[in-house]
Amino acid sequence: MAKNQGKQLLFTLVGFLIILTLFGVPLSEKVRNITIGQRTIDLSGMERLSGGIAEYVFGIKENLSFHGANLTPYATLIIFMMIWLIIFVTFGDIIENFSTFNPSIAWLIAFCLATIAGFTGIYGGPTSRFLVWLTNFGTFAVFLGIAFSFVVFLLVEMGVAGLSHKIRAYIMNRKLTQEAMGIQGSLMRAGMGVKALEKFEETLVNDD
């Protein structure tokens, strides 16, 4: 559990920075100050703080553009934040699961790599072009899958000769495969839980 404390702390910090970056500017524009009891808190500096975090933590500058798209500065900020988040969680998951590093160290490395990538301008260059293609392809694949589901439904309901049985068998095999994968995942999580309990028990024994 101690190994994951640093990881959880980093996730909390990243979440706080993202929220502050995304909502700092509109909050400072809408609410200039907050009165708590007899004390008034000035929020005019939230805009500068938000911009500073966006530039010095996430590497997002005012002159960045996403694939030449005509977007508002706030929309561009959100897009670059989402790209940064994708890079961060993907790198973190890869480094944690395919290396011998402590989880806290793995996610700290992922944070540093995502930040370095932002500063070098990768998100606004070839990455943006690839993401536009990937998003279009993913959207097309989703709707193609939906259309295929309706085609299969029609073929089964119409009882097309020679196809109905094969399609039903294909669907059943696919569902069984998905169920098997889900069961394997549950068994793996159960095994990890047992190991965590064993380590916790060893810790209690050592403390005694």
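This structure is a prediction, so every number in the text was calculated from the model and none was measured.

Trainee: Explain the overall build of the chain to me, and be specific about the residues and the numbers.
Mentor: Regarding its fold elements, the chain presents six helices and two strands. Reading the chain from its N terminus to its C terminus gives the helix and strand order α-β-β-α-α-α-α-α. Across the 208 residues of the chain, 24% fall into the buried class. Long-range contacts, defined as pairs at least 24 residues apart, comprise 55% of the intrachain contacts of the chain with a sequence gap of at least 6.

Trainee: Residue-level account of the nonpolar core, with values.
Mentor: Judged by nonpolar contacts, the single largest core of 25 residues is most densely connected at F58, W84 and F88. Going through the elements one at a time, α1 (2-30), α2 (46-56), α3 (73-97) and α4 (103-119) are the ones with two or more residues in this core. Apart from residues no more than four positions distant in its own chain, F88 is found in contact with L10, V14, W107, A110, F111 and A114.

Trainee: Describe α3, and please don't skip the residues or the numbers.
Mentor: Taking 1.5 Å as the rise per residue, α3 with 25 residues should run 36 Å; its terminal C-alpha atoms sit 36 Å apart, in good agreement. All of the buried residues in α3 are T76, L77, F80, M81, I83, W84, F88, G92, I95 and E96.

Trainee: So, the environment of C112: which residues are in play, and what are the values?
Mentor: Within the secondary structure, C112 sits in helix α4. C-alpha separation for the pair C112 and F88, spaced 24 residues apart in sequence, amounts to 8.6 Å.

Trainee: I'd love a proper account of the packing of aromatic side chains, names of residues and values included.
Mentor: Counted according to the given criterion, the structure contains eight aromatic pairs. Centroid distance F11 to W107: 4.8 Å. Interplanar angle 65°. Geometry classified as edge-to-face. One end of the pair, F11, is in helix α1; the other, W107, is in helix α4, and 96 residues separate them in sequence. Its relative accessible area of 34% is what places F11 among the partly exposed residues.

Trainee: Give me α4: which residues, what numbers.
Mentor: End to end, α4 covers 24 Å across 17 residues, agreeing with the expected 24 Å (1.5 Å per residue, within 8%). Turning to α4, its buried residues are P103, S104, A106, W107, A110, F111, A114, T115, A117 and G118. A distance of 2.8 Å separates the backbone nitrogen of S104 from a side-chain oxygen at the start of α4, and that oxygen is part of N102. Of the residues one or two after α4, G121 is the one with positive phi, at around 80°.

Trainee: Explain a nonpolar patch on the surface residue by residue, including any values.
Mentor: Together, I19, F23, Y74, I78 and M82 make up an exposed nonpolar region whose accessible area comes to about 450 Å². When residues of the nonpolar patch are traced back to their parent elements, those giving at least two are α1 and α3. With three residues, the single largest contributor to the nonpolar patch is α3. Mapped onto the elements of the fold, F23 is located in helix α1.

Trainee: I'd love a proper account of the side chain of T115, names of residues and values included.
Mentor: With respect to the element layout, T115 can be found in helix α4. Accessibility expressed as a relative area gives 13% for T115, which makes it buried. Among the polar contacts made by the side chain of T115, one reaches the main-chain carbonyl oxygen of F111 at a distance of 2.8 Å.

Trainee: Help me get a handle on the confidence of the model for the chain, residues and values and all.
Mentor: Residues of the chain with pLDDT of at least 70 account for 67%, and the chain-wide mean is 75. Within the chain, strand β1 (residues 33-36) has the poorest average pLDDT of any element, 62, and α4 the best, 87.

Trainee: Residues and numbers for the packing of α3 against α4, please.
Mentor: Closest axis-to-axis distance for the α3/α4 pair is 8 Å, and the angle between their directions is 145°. In this structure, α3 meets α4 at a crossing whose hand is right-handed. Here W84, I87, F88, V89, F91, G92, D93, I95 and E96 of α3 lie close against α4, whose contacting residues are P103, A106, W107, I109, A110, F111, L113, A114 and T115.

Trainee: Explain the environment of I83 residue by residue, including any values.
Mentor: Looking at where I83 falls in the secondary structure, it is placed in helix α3. For I83, a relative accessible area of 5% puts it in the buried group. Each C-alpha atom of the pair I83 and T127 lies 9.0 Å from the other, and the pair is 44 residues apart in sequence.

What counts, and where the lines are drawn
Residues numbered from 1 in each chain as written. Predicted model: local features only at pLDDT ≥ 70, side-chain atom pairs only at ≥ 80, totals over all residues. Heavy atoms only, no water. Helix = DSSP H or I, 4+ residues; strand = E, 2+ residues; numbered from the N terminus. Buried < 20%, exposed > 50% of the residue type's maximum accessible area, 1.4 Å probe, protein only. Contact = heavy atoms within 4.5 Å. Core = buried A, V, L, I, M, F, W, Y, C linked by side-chain atoms within 4.5 Å. Expected span 1.5 Å × (residues − 1). Phe/Tyr/Trp six-rings, centres within 6.5 Å; stacked < 30°, edge-to-face > 60°. Polar contact = N/O pair within 3.5 Å; in protein donor to acceptor, adjacent residues only side chain to side chain. Patch = residues over 30% accessible without salt bridge, like charges linked within 9 Å, V, L, I, M, F, W, Y side chains within 5 Å. Areas by Shrake-Rupley, 256 points an atom, 1.4 Å probe, with all protein chains shown as cover. Salt bridge = Lys/Arg side-chain N within 4 Å of Asp/Glu carboxyl O. pLDDT = per-residue confidence, 0-100. Axes fitted to C-alpha atoms, helices over the stretch in contact; angles between N-to-C directions. Left-handed = near helix turned anticlockwise from the far one by under 90°.

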